[in-house]
Amino acid sequence: VRSVKEGDTEVLVPIPEEGANFAPSAAPVFFNPVMEMNRDISIAATSAFLKRMEPDPEKTITYVDALSASGIRGLRVANEIGIETTLNDWSEDAYQLIQENIEKLGIADHTFATHKNANVLLHEKHFNIVDLDPFGTPAPFLAAAARSVIDLLEVTATDTAPLCGAHLNSGIRKYAAIPLNNEYHSEMGVRILLGRIARELSLHDKAMVPLLSHATRHYVRTYLQIRRGAKQADKMLKKMGFIAQCECGNREIVHGLAVHINDRCSLCGKENVISGPMWLGELHEPEFCDETIEELEQRNCGTKEMSIKMLEFCRDELSIPMFYDQHLLCKKLGVSASTIDTLITALKDNGYKASRTHFSGISFKTDAELPDIERIIVDIR
Ligand code: SAM
């Protein structure tokens, strides 16, 4: 093992043997340095959430890192935030390393290691904050996490190919939904994951309010505030729905779970491709993005600038499902692209809402319909 420092926390992590496969998943205990940004944002978001909660100082707030590996994520929560933390992994090597890390950091008074199947642990106990950070898909853990969680559910998914429709059948099996792999596949992935989580929560008369959700090339990560009550769950499910997409570029967003969906495009009459069911509601709460940015500014973390930049994009993007890719539209229209800001200004000047998006630098979100977007793209050239 060797020592690495992330944030204010020094943790022992495995070094792969000389000449061995260097993939993080091939090590005896998993550690992926590329996920530092994910962890930096997690610490900031968890801390921002706790400040919002204004917990009773007499009450213990519990957090579980259900799939811990070296424990680096949960160890940072325990060390940098200080709440009661459980670190769990069913691998014997990981469990030993977690215990060693707890000892070394001197946080044994509020940090516990468990050595269980994560699903067993989550069915045994409720936690205020549940964090799922698995290899690939979180799908096998969502039922237990939805049952266990009280206040905040944090989920990573690294199976972007199934989520985004690149591995279609795998996505259908894991998420009980049909994703569409086109220009907005990254946003599709986030919405398919959130849709599956919403349906798991509703089983327990719980609802989610997305505080922050982001996609990078390698993973999706989301922070969901939990509300209790059947009425809240019913209200949440109204934000589920489908997208009917035509090859001409027109898309129709259809809210509801048992609804009529046009099989023909309302613009050109060609056959629509249907994807869903998925989450069509908000992906972020702008105030929460600001609170998380504030935390990042005040904390020691290696990815501060990059993380803040991304959260600013999240904060400022419109809450309208599915961005448009400017380059794709320009190619279809046979015109060259202008800067994304020029196009956004032109859309706004025409009375529409428009914003950039964290999903892609060449894309935008707007409430304008396709023919109006195309007219404006041609007009500004
Ligand atoms: N959260 C860690 C981090 O930030 O570095 C990475 C976790 S790693 C991707 C996934 C871990 O889950 C592995 O260490 C594996 O042993 C553990 N695991 C997989 N299935 C499990 C299960 N059903 N119960 C408990 N642990 C499990």
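> Can you walk me through the site of the ligand in this structure?
Around the ligand, the structure places 18 residues, and the nearest of them are L67, D89, N117, A118 and D133. Interatomic distance of 3.2 Å between a side-chain N/O atom of R39 and an oxygen atom of the ligand. Between the ligand and L67, the relevant distance is 3.1 Å, taken from a nitrogen atom to a main-chain nitrogen or oxygen of the residue. For the shell around the ligand, the class distribution of residues is nine nonpolar, four polar and five charged.

> So what exactly am I meant to see when it comes to the pattern of salt bridges here?
Where charged atoms from two side chains of opposite charge come close, those side chains can pair. Per the stated rule, a full pass over the model turns up 26 salt bridges. Between D151 and R228 there is a salt bridge, with its nearest N and O atoms 3.9 Å apart. Of the two residues, D151 sits in strand 7 (residues 149-157) while R228 sits in strand 9 (residues 220-228), which places them 77 residues apart along the sequence. Assessed through its relative accessible area of 53%, R228 is described here as exposed. E200 serves as the salt-bridge partner of R196, at 2.5 Å between the closest nitrogen and oxygen. With R196 and E200 both in helix 8 (residues 185-202) and four residues apart, this pair spans about one turn of that helix. E200 carries the same exposure label as R196, and that label is buried. Each of E6, R39, D40, R76 and E80 takes part in one network of salt bridges that share partners.

> It is not clear to me how the packing of aromatic side chains should be interpreted in this structure. Could you clarify?
What characterises a pair of aromatic rings is the spacing of the ring centres plus the angle enclosed by the ring planes. For the coordinates displayed, the defined rule picks out three aromatic pairs. Seen in terms of ring centroids, F30 and F135 are 5.0 Å apart; in terms of plane orientation they differ by 75°. Their pairing is edge-to-face. Of the two residues, F30 is situated in the loop between strand 2 (9-13) and helix 1 (36-53) and F135 in the loop between strand 6 (127-132) and helix 5 (139-148); the sequence distance between them amounts to 105 residues. Overall, F30 belongs to the partly exposed group, its relative accessible area being 25%. With a relative accessible area of 57%, F135 lands in the exposed category. Positioned over the ring face of Y324 is R251, at 3.6 Å from the centre of the ring.

> Could you clarify how one ought to interpret the confidence of the model for the chain in this entry?
Detailed conclusions should not be drawn from predicted coordinates in areas where pLDDT is low. Chain-level statistics for the chain give a pLDDT mean of 96 and a share of 98% at 70 or above. Here the prediction assigns the complex a pTM of 0.97, and the interface score ipTM is 0.99.

> Help me understand the layout of surface pockets, please; the structure alone is not making it clear to me.
Any empty space left between atoms is shown by rolling a water-sized probe over those atoms. Empty space within the largest pocket amounts to approximately 650 Å³. For the largest pocket, the lining is made up of 35 residues, of which F30, A69, D133, P134 and F135 are closest to its centre. Residues that form the lining of the largest pocket fall into these classes: 19 nonpolar, ten polar and six charged. Empty space within the second largest pocket amounts to approximately 470 Å³. Surrounding the second largest pocket, 20 residues form its lining, A215, T216, R217, H218 and Y219 being those nearest its centre. Mapped by element, the contributors of at least two residues to the lining of the second largest pocket are helix 1, helix 6 (160-164), helix 8 and helix 11 (304-316). Examining the composition of the lining of the second largest pocket, we find that three residues originate from one element, helix 1, more than from any other. Looking at the lining of the second largest pocket residue by residue, the classes come out as ten nonpolar, eight polar and two charged.

> Explanation requested: empty space enclosed by the protein in the structure shown.
Counted according to the given criterion, the structure contains one cavity of 30 Å³ or more. Each pocket or cavity is described by its volume, and for the largest cavity that value is around 30 Å³. Forming the walls of the largest cavity are D40, I43, A44, R76, E80, L296, R299, N300 and C301. When contributions to the lining of the largest cavity are tallied by element, the ones reaching two or more residues are helix 1 and helix 2 (72-81). Ranked by residues supplied to the lining of the largest cavity, first place goes to helix 1 with three residues. Taken together, the residues of the lining of the largest cavity break down into four nonpolar, one polar and four charged.

> When you look at the nonpolar core in this model, what are you seeing that I'm missing?
Note that soluble globular proteins tend to have their nonpolar side chains buried in a common cluster. Ranked by size, the top nonpolar core spans 47 residues in total, and within it L122, L132, L153, I197 and M208 carry the most contacts. Beyond its immediate chain neighbours, meaning those up to four positions away, M208 contacts L194, I197, A198, L201, L224, Q225, M236 and W279.

> So what exactly am I meant to see when it comes to helix 10 (residues 286-298) here?
Owing to its 3.6 residues per turn, the α-helix brings residues three or four apart onto one side. Its 13 residues place the ends of helix 10 19 Å apart at the C-alpha level, agreeing with the 18 Å of an ideal helix rising 1.5 Å per residue. Here helix 10 has its buried residues at F288, C289, T292, I293, E295 and L296. One side of helix 10 carries all its buried residues, which in axial view fall inside an arc of 160°. Buried-residue contacts for helix 10 involve helix 1, strand 8 (206-215) and helix 11.

> Mind showing me how you'd approach the sheet that holds strand 6 here?
Each strand in a sheet pairs with another by means of backbone hydrogen bonds, the pair being arranged parallel or else antiparallel. With respect to topology, seven strands assemble into an open sheet ordered 5-4-3-6-7-9-8, the strand pairing being mixed. The two strands at the open ends of the sheet, each matched to only one other strand, are strand 5 (111-114) and strand 8. Strand-to-strand, the axes of this sheet are offset by a mean angle of 15°, without reference to chain direction. Running over the sheet, helix 5 touches strand 6, strand 7 and strand 8 and is turned about 155° from strand 7.

Criteria and thresholds
Residues numbered from 1 in each chain as written. Predicted model: local features only at pLDDT ≥ 70, side-chain atom pairs only at ≥ 80, totals over all residues. Heavy atoms only, no water. Near = heavy atom within 4 Å. Polar contact = N/O pair within 3.5 Å; in protein donor to acceptor, adjacent residues only side chain to side chain. Nonpolar A, V, L, I, M, F, W, Y, C, P; charged D, E, K, R; others polar. Salt bridge = Lys/Arg side-chain N within 4 Å of Asp/Glu carboxyl O. Helix = DSSP H or I, 4+ residues; strand = E, 2+ residues; numbered from the N terminus. Buried < 20%, exposed > 50% of the residue type's maximum accessible area, 1.4 Å probe, protein only. Phe/Tyr/Trp six-rings, centres within 6.5 Å; stacked < 30°, edge-to-face > 60°. Lys NZ or Arg CZ within 6 Å of the ring centre and 35° of its normal. pLDDT = per-residue confidence, 0-100. 1 Å grid on protein atoms, 1.4 Å probe; cavity = no way out; pocket = protein on both sides within 12 Å on 5 of 7 lines; lining within 4 Å. Points joined across faces, edges and corners; volume = space filled by probe spheres on them. Core = buried A, V, L, I, M, F, W, Y, C linked by side-chain atoms within 4.5 Å. Contact = heavy atoms within 4.5 Å. Expected span 1.5 Å × (residues − 1). Arc of directions from axis to C-beta. Pairing = 2+ DSSP bridges. Axes fitted to C-alpha atoms, helices over the stretch in contact; angles between N-to-C directions.

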